Amino acid sequence: MSSRLISWLLMAPGLLWLTALMIVPCLLIFVLAFFERGTYGGIDWSAATLENFARAFDHLYFSIFLDSARIALIATVIALLIGYPAAFAIMKAPERWQTSLLFLAILPFWTNYLIRTYAWIVLLNPVGVINNGLIYLGLISQPLPLLYNEFAVILGLVYNYTPFVILAIYSALQRLDPSYAEASRDLGASAVTTFIRITLPLTAAGVAAGAVFVFVLSIGNFVTPDLLGGGKLQMIGNLIYDQFLTARDWPFGATLSGLLIALMMIALFMQAVASGRARGEHV
Amino acid sequence: MKFKHIPAFLMGGAFAVMASISLAQAEKLVISNWDGYMPKDMAEKFKAETGIDLEVAVHATNEEIMGKVTASGGAGFDVLFVSSPFAEALNKLQLLSPIDHGKIPNMANLYAEAGQLKHDPGNTFSVPYAWGTTGLCYRSDLVKAEPTSWNDLLTPSDDLKGKITMLATDRWLMAAAFLAGGLSVNTDDQASLDKVRDQLVATKKDLLAYDDTTFYSKLVSGEATLVHAWDGWCNYGIAENAAIKYVVPKEGSDLWVDTMVITKASKNPDAAAKFIDFVLKADNGKWVVENIMYKTPNKAGMEAIDQSMLTTYPNMAITPAELLKYEQLRDLGDGMKAFSKTVSEIMAAK
Amino acid sequence: MSRLLHIHLGATFAFLYIPIAVLIVLSFNRAGLPTVWSGFSIEWYGRLAANPKILASAWNSVIVATLSTLIATVLGTLLALGVERAKPSPARDALLFAPMIVPDIVLAIALLSFFTLIKFTLGLHSIILAHVVFNIAFVCAVVRARLKGFDWSLTEASRDLGAGHLVTFRKITLPLILPSVIAAALLAFTLSIDEFIIAYFTAGAGQASTTLPMQIYSMIRFGVTPEINAMASIVMAVSFALVLLAQRLNRGRMPGA
């Protein structure tokens, strides 16, 4: 068997699954972008139109997108700063402990999203555990605004998605051969230089995967802005959810989602090209 | 991990799943409701009385069951519990069966007013299950002055700033401002929408949060002192702290109605009618009042409750005639586009 | 350096477990309020034991998460192996990212419309089919992170020595990528067990295909009671016990690169 044939055979089941259960169904929805909402929330099939795109190119939706992207980006950076060293520490642990440590990092997330979020509300609210504790200790006299704002939303996103960063980076760190780093150190490079020149580039794929996870999951999230943000922040996830379910305007929801996907694809593609160049690979 | 065992495990799993499918295909009646919105033993009692298996699916929000029924045509569901604007839209989308009063003798248990609801006069496609008002719920021990007007919420006094919440659900959020401005709760003209938007954006700065799930809990903890609330939910707060009170502002309220509807896709509309008839028994109406603390349009049920509830929870004593004076939220039809854009503008405002 | 790393790992675990500690405390809360403490009680554990709906939906979630993880881990790993050996293709990469980017509500409505169109009967199995879609993408991305710059000469050497493809896979490739595959499976299981909106839309009508998140969200309107916290506390305790047990059983036999 040629290696080309083998790689196609390996890819076939997954690609078929995605084609049958994602591409085809989603095309059914994206077609709706070219029609209008019926009076009571169905689809008006009588005439195709570009009206939805005209509606979508509105400053309002663009600013919601930018705001969500900004919040998602901040959450991504923080999750990487927490997740990278944590993954590194797990990789440095004795081998027989590594899998258990990975499990321990992810176990809290087998509970339910809603009740984890309620737990944060108990901790952060103006009369909550943290504020009352700080007041009791005399460190503050007025409660700190920890909840129902952007800080709380970012905290919630970082909390829920950091373990995914740990898993992705741990996966990439596995290919790190300790002898590279040792060689580098033997040649007189400092720990920092070794990390930047050897370790980081070798784990770039894991960092990229982890970053993508946090960013895409954050930008599409709608529960955290509602509960921890007190509904005062509108994210792109809320906007799209509301178009489909609250406004029952599937055509407009499909339009906004289509544009979102296009934007993210472009961003990912540019990132892939850029990182490919940086690593001297041809993409 | 032993990889060679995975195929066997997968097959076992597949069989387990197929077994659950064939079980699911036995003849039965399927309803969808919020969890906890009817007696837990409803299915057993219904089966004992009629011999029909009752399966209860659950939904989280009106919007979700509506989306599911719209996308699937309602296949698999016989009876749905939804709020009246959604019942109205489902009917306009021709997804509902008409209600055959001849098969539901217990309709006689309802107040006469239950047949005069504007979204469905004569109960042709929906049967009301519970109803009530939307107003202000507050800590009488923590507010300086008892609120009486929607403007007490929308332009709060200094002591209330940062301690108020408003309902997050779009139609009720907007209704508060419509009522304050003397407008219909179903307003959708652009000029009024803009005016209301400016008001709500201004109010947003003084809000603790938009909340339609835990606002009563925030009152109990003291996080909030004044919240925009449905009367029944305010009662959950009153049950925990007697200093919590409810008031319908002087400008009025909307009349919210939760209803039961039969899907057009139902393969067993007669059994569905039997179920609705069963729900309308006085016992079940009584259960809703005593356990959910909502008023019901079920006269027989309201008369059967412990009348001391009416003094503990004064909003329970609002009569059907008073309720009928308030306007119901109606499906906005083509007005929904402008309406929902206005809501997005409020939500995105800083 | 190593010490700092340990401190960081400890702090990270503290961060991840603080809300869990709160949640366990709340499971002993007397009143049914979701965020207010009002006295100690073990009543909710008793109520949980008597609530077949919550227990059955938790079991359904375990079935969905386990099967969708197994299928997605196998397909996603094969996909990653194939993609990293094939010529780079931006179009294919886009397809592999798509399930992560498509908003959940879009995939949910799209799949329900599609299943309705082809008259496919819904149930737990349709939730599994749907969860595999996004899980494939996540598994594939995690395993690919390991395979970037993978030294394929090892597998070629094995083949040169006369080993077949399957033997090479089992003896050479799999041991090398196993830690990544485990990480990927953990991620998939976590995403699936907590997923609500796609599960809600692709589920059949009735208790038989109600998952735990669907059950919990449906309780919001009349109060999410501490029964759910009790359920979560038990899940945590059982998972913890399983991890410790595995740790004891596998002492010295854990897979490594």
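Heads up: the structure comes first, above all this text.
Residues numbered from 1 in each chain as written. Chains lettered and ligands numbered in written order. Predicted model: local features only at pLDDT ≥ 70, side-chain atom pairs only at ≥ 80, totals over all residues. Heavy atoms only, no water.

To continue, consider the overall build of chain A. Within chain A, the secondary structure is distributed over 13 helices and two strands. Taken over the C-alpha atoms alone, chain A extends approximately 75 × 70 × 30 Å along its principal axes. Here chain A, with 283 residues, has 59% of them falling under the buried criterion. Within chain A, contacts between residues separated by at least 24 positions form 64% of all contacts whose residues are at least 6 apart in sequence. Of the roughly 11600 Å² of accessible surface on chain A, a fraction of 70% belongs to carbon and sulfur atoms. (Helix = DSSP H or I, 4+ residues; strand = E, 2+ residues; numbered from the N terminus. Buried < 20%, exposed > 50% of the residue type's maximum accessible area, 1.4 Å probe, protein only. Contact = heavy atoms within 4.5 Å. Areas by Shrake-Rupley, 256 points an atom, 1.4 Å probe, with all protein chains shown as cover.)

This next bit is on the packing of aromatic side chains. Under the definition given, this model contains 42 aromatic pairs over all chains. Ring centres of A:Phe35 and A:Trp45 lie 4.9 Å apart, and the angle between their planes is 65°; this geometry places the pair in the edge-to-face category. Of this pair, A:Phe35 sits in the loop between α1 (3–30) and β1 (36–37) while A:Trp45 is found in the loop between β2 (43–44) and α2 (51–56), placing the two residues ten residues apart along the sequence. Exposure remark for A:Trp45: the relative accessible area of 52% places this residue in the exposed category. Aromatic side chains C:Phe13 and C:Tyr17 sit 6.5 Å apart centroid to centroid with 35° between the ring planes, which places their arrangement in the tilted category. Of this pair, C:Phe13 and C:Tyr17 both sit in helix α1 (residues 2–26), four residues apart, which is roughly one turn of that helix. (Phe/Tyr/Trp six-rings, centres within 6.5 Å; stacked < 30°, edge-to-face > 60°.)

Here we come to helix α12 (residues 236–246) of chain A. Structurally, the α-helix is built with 3.6 residues per turn, so residues lying three or four positions apart point the same way. Most of α12(A) is tucked away, with ten of its eleven residues classed as buried. Looking at the residues trailing α12(A), positive phi occurs at A:Arg248, about 50°.

Looking now at empty space enclosed by the protein. All told, the structure shown has eight cavities of 30 Å³ or more when counted by the stated rule. Here the second largest cavity is characterised by a volume of approximately 620 Å³. Every residue lining the second largest cavity is counted, 32 residues in all, and those nearest its centre are A:Tyr161, A:Leu217, C:Asp104, C:Leu191 and C:Glu195. Of the residues in the lining of the second largest cavity, the class split is 24 nonpolar, four polar and four charged. (1 Å grid on protein atoms, 1.4 Å probe; cavity = no way out; pocket = protein on both sides within 12 Å on 5 of 7 lines; lining within 4 Å. Points joined across faces, edges and corners; volume = space filled by probe spheres on them. Nonpolar A, V, L, I, M, F, W, Y, C, P; charged D, E, K, R; others polar.)

On to the state of the cysteines, then. Applying the stated criterion across every chain, the model contains one disulfide over all chains. Note that B:Cys137 is cross-linked by a disulfide to B:Cys234, the S-S spacing being 2.1 Å. One quick way to see it: the torsion about the S-S bond of B:Cys137 and B:Cys234 is about 80°, and its sign makes the bridge right-handed. Taken together, the positions of B:Cys137 in strand β4 (residues 127–139) and B:Cys234 in helix α9 (residues 231–240) put the pair 97 residues apart, joining distant regions of the chain. The pair formed by B:Cys137 and B:Cys234 is uniform in burial state, with each residue classed as buried. Among the cysteines around A:Cys26, which has no disulfide bond, C:Cys140 carries the closest sulfur, lying 18 Å off. (Disulfide = S-S within 2.5 Å.)

Before going further, it helps to spend a moment on the nonpolar core. In globular proteins that are soluble, nonpolar side chains generally tend to be buried together. The biggest cluster of nonpolar side chains holds 315 residues, and the ones touching the most others in it are A:Phe213, A:Phe244, B:Phe275, B:Ile276, B:Tyr294 and C:Ile105. The dominant element in this core, judged by the number of residues it contributes, is helix α3 (residues 59–92) of chain A, at 18 residues. Split by domain, the residues of this core number at least three in each of domain 1 (3–130 + 256–307) and domain 2 (132–254 + 329–348) of chain B. The residues touching B:Ile276, leaving out its near neighbours within four places in the chain, are B:Val79, B:Ile99, B:Ile104, B:Val127, B:Met260 and B:Ile262. (Core = buried A, V, L, I, M, F, W, Y, C linked by side-chain atoms within 4.5 Å. Domains from an automatic or database assignment.)

Another aspect to go through is the interface of chain B and chain C. Listed by partner, the interface residues are 41 residues for chain B and 40 residues for chain C. Of all residues in chain B, the largest losses of buried area upon contact with chain C belong to B:Asp35, B:Val58 and B:Lys68, amounting jointly to 17% of the total for that side. Our count for the contact surface shared by chain B and chain C stands at two salt bridges. Here C:Lys53 makes a salt bridge to B:Asp35, at a shortest N to O gap of 2.8 Å. (Buried area = accessible area lost by both parts, 1.4 Å probe. Salt bridge = Lys/Arg side-chain N within 4 Å of Asp/Glu carboxyl O.)

With that out of the way, let us pick up the pattern of salt bridges. If you walk through the whole model with that rule in mind, you get 32 salt bridges over all chains. In this structure, the salt-bridge partner of C:Glu84 is C:Lys148, at a minimum N-O distance of 3.1 Å. Of this pair, C:Glu84 sits in helix α3 (residues 52–85) while C:Lys148 is found in the loop between α6 (124–147) and α7 (153–160), placing the two residues 64 residues apart along the sequence. For C:Lys148, a relative accessible area of 21% gives the class partly exposed. By sharing partners, the salt bridges in this structure join A:Asp58, B:Asp194, B:Arg197, B:Asp198, B:Lys341 and B:Glu345 into a single network.

Let's shift gears to the packing of helix α7 (residues 150–173) of chain A against α1(C). Across the interface, α7(A) lies against α1(C) with an axial gap of 11 Å and an inter-helix angle of 125°. Comparing the axis directions of α7(A) and α1(C) gives the class oblique. Crossing geometry of α7(A) relative to α1(C) is assigned as left-handed. Contacts between α7(A) and α1(C) involve A:Leu155, A:Val158, A:Tyr159, A:Pro163 and A:Ile166 from the former and C:Thr12, C:Phe15, C:Leu16, C:Pro19 and C:Ile20 from the latter. Its residues assigned to classes, the contact of α7(A) with α1(C) comprises nine nonpolar, one polar and no charged. (Axes fitted to C-alpha atoms, helices over the stretch in contact; angles between N-to-C directions. Parallel < 35°, antiparallel > 145°, perpendicular 65-115°, else oblique. Left-handed = near helix turned anticlockwise from the far one by under 90°.)

Take B:Thr169: it is sitting in the loop between β5 (164–166) and α6 (170–180). In contact with B:Thr169, other than residues within four places in its own chain, are B:Glu63, B:Asp212 and B:Trp230.

Before going further, it helps to spend a moment on the side chain of B:Asp258. Its place among the elements puts B:Asp258 in strand β9 (residues 255–262). Given a relative accessible area of 2%, B:Asp258 falls into the buried group. Those residues in contact with B:Asp258 that sit more than four places away from it in its chain are B:Trp34, B:Tyr37, B:Val82, B:Ser83, B:Val127, B:Pro128, B:Tyr129, B:Ala130, B:Tyr294 and C:Arg221.

A separate point is helix α5 (residues 113–124) of chain A. Between its first and last C-alpha atoms α5(A) spans 16 Å; for twelve residues at 1.5 Å apiece the expected length is 16 Å, and the two agree. Those residues of α5(A) not exposed but buried are A:Tyr113, A:Leu114, A:Ile115, A:Arg116, A:Thr117, A:Tyr118, A:Ala119, A:Trp120, A:Ile121, A:Val122, A:Leu123 and A:Leu124. On its buried face, α5(A) sits against α6 (129–136), α7 and α11 (223–227) of chain A together with α1, α10 (212–218) and α11 (226–249) of chain C. Taking the backbone nitrogen of A:Leu114 as reference, a side-chain oxygen 2.8 Å away marks A:Asn112 as the first, capping residue of α5(A). (Expected span 1.5 Å × (residues − 1). Polar contact = N/O pair within 3.5 Å; in protein donor to acceptor, adjacent residues only side chain to side chain.)

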